[in-house]
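Structural characterization, general
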Amino acid sequence: MSVAENLREVLTELPPRVRLVAVSKFHPNEAIEEAYNAGQRIFGESKVQEMTAKHESLPKDIEWHFIGHLQTNKIKYMAPYVAMIHGIDSYKLLVEVNKQAAKVERTIKCLLQLHIAQEETKFGFSAEECREMLSAGTWKELKNVQICGLMGMASNTDDVEQIDREFCSLNSLFKELKATYFSHSDTFCELSMGMSHDYPQAIAEESTLVRIGSKIFGERDYNI
Ligand SMILES: *Cc1c(COP(=O)(O)O)cnc(C)c1O
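Note that this is a predicted model, so its numbers are computed, not measured. (Residues numbered from 1 in each chain as written. Predicted model: local features only at pLDDT ≥ 70, side-chain atom pairs only at ≥ 80, totals over all residues. Heavy atoms only, no water.)

**Observations regarding the UniProt feature "modified residue: N6-(pyridoxal phosphate)lysine" (unreviewed entry) in the protein chain**
Counted only if it meets this: UniProt positions are given in the numbering used here, feature names are shortened, and annotations may be inferred rather than shown by experiment. Contacts: residue pairs with any heavy atoms within 4.5 Å of one another.
Per the UniProt record, the feature "modified residue: N6-(pyridoxal phosphate)lysine" (unreviewed entry) sits at Lys25. In contact with Lys25, not counting residues within four places along its chain, are Gly44, Glu45, Ser46, Glu50, Lys54 and Arg220.

**Topic: the packing of helix H6 (residues 127-136) against helix H7 (residues 160-181)**
What counts is decided by this rule: Helix axes are fitted to C-alpha atoms over the stretch in contact, other axes to C-alpha atoms as well, and angles between N-to-C directions run from 0 to 180 degrees. Helix numbering and strand numbering both begin at the N terminus, where a helix is a DSSP run of H or I of at least 4 residues and a strand a DSSP run of E of at least 2. These descriptions rest on fixed angle ranges, namely under 35 degrees for roughly parallel, over 145 for roughly antiparallel, 65 to 115 for roughly perpendicular, and the rest for oblique. By convention, the crossing between two helices is left-handed when the near helix turns anticlockwise from the far helix through less than a right angle, and right-handed when the turn is clockwise. Basically, the charged four are Asp, Glu, Lys and Arg, the nonpolar ten are Ala, Val, Leu, Ile, Met, Phe, Trp, Tyr, Cys and Pro, and anything else, Gly included, counts as polar.
It is the contact of H6 with H7, at a shortest axis distance of 11 Å, that shows an interaxial angle of 15°. In terms of orientation, H6 lies roughly parallel with respect to H7. Of the two elements, H6 crosses H7, and the hand of that crossing is right-handed. For the pair H6 and H7, the contacting residues are Ala127, Cys130, Arg131, Leu134 and Ser135 in the first and Leu173, Glu176, Leu177 and Tyr181 in the second. The class makeup of the residues in the contact of H6 with H7 is six nonpolar, one polar and two charged.

**Quick notes on the site of the ligand**
As a reminder of what qualifies: Distances are taken per atom, and a residue is near a molecule or strand as soon as one of its heavy atoms is within 4 Å of it. Pairing of N or O atoms within 3.5 Å defines a polar contact, subject to two protein rules: one partner must be a possible hydrogen donor and the other a possible acceptor, and residues neighboring in sequence count only if both atoms are side-chain atoms. Working definition of accessibility: Shrake-Rupley area with a 1.4 Å probe, residue cover restricted to the visible protein chains.
Neighbouring the ligand are Val23, Lys25, Ile67, Met151, Met153, Met195, Ser196, Arg211, Ile212, Gly213, Ser214 and Arg220. Here Gly213 contributes a backbone N or O atom positioned 2.8 Å from an oxygen atom of the ligand. Here Ser214 contributes a backbone N or O atom positioned 2.8 Å from an oxygen atom of the ligand. A total of 390 Å² of accessible area belongs to the ligand in isolation, and the protein chains cover 90% of it. The residue inventory of the shell around the ligand, partitioned by class, reads six nonpolar, three polar and three charged.

As structure tokens, this is what we get:
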């Protein structure tokens, strides 16, 4: 099946409240153009350099979402254009994004990444670290970032009950934090969870942003 057909198939499964981030990392501009011509406007990338090169050569109405692990020295390259950063996993990183966003006079939407998987390799705050950061309150002084919600990755496992539990815990934390720290505004409204192999479960747990790559673009070739 073509990229456009895969995309349409995924889109028919998404309820209206769920937006699709088409994860185009490691795929060439031609694949992105095919999805773009089929109507897709939100794309996700995990390397700043690759995303910036694509941003420069592709249509300017694309919303670029950064979903990878972020190094502070790379923020400046995407600060002028990035639509959302999904992987904020420390307060220090948030401060750095704020600083780079201020330089280009933007407010950048950010999601706090939570470590929900039973795997060592995935980045993110623990629930406790996240509560501590928010209750400290100094993030409110960062005027050039907007904390819009949470992001998480479930374990890479065939155990569907474990995946359900992980998404459920992220959803509970999202509701708790929203009620505790963001009840005065509507800006804390995004729950980014669900990938090619687990997005139906994420949607059942009230995800608002699914990040789907291989199901749309096929397997990635890491040797390019
Ligand atoms: C690569 C990636 C995805 C997409 O994964 P697929 O299994 O190809 O859908 C989603 N989220 C993050 C954070 C990723 O790095």
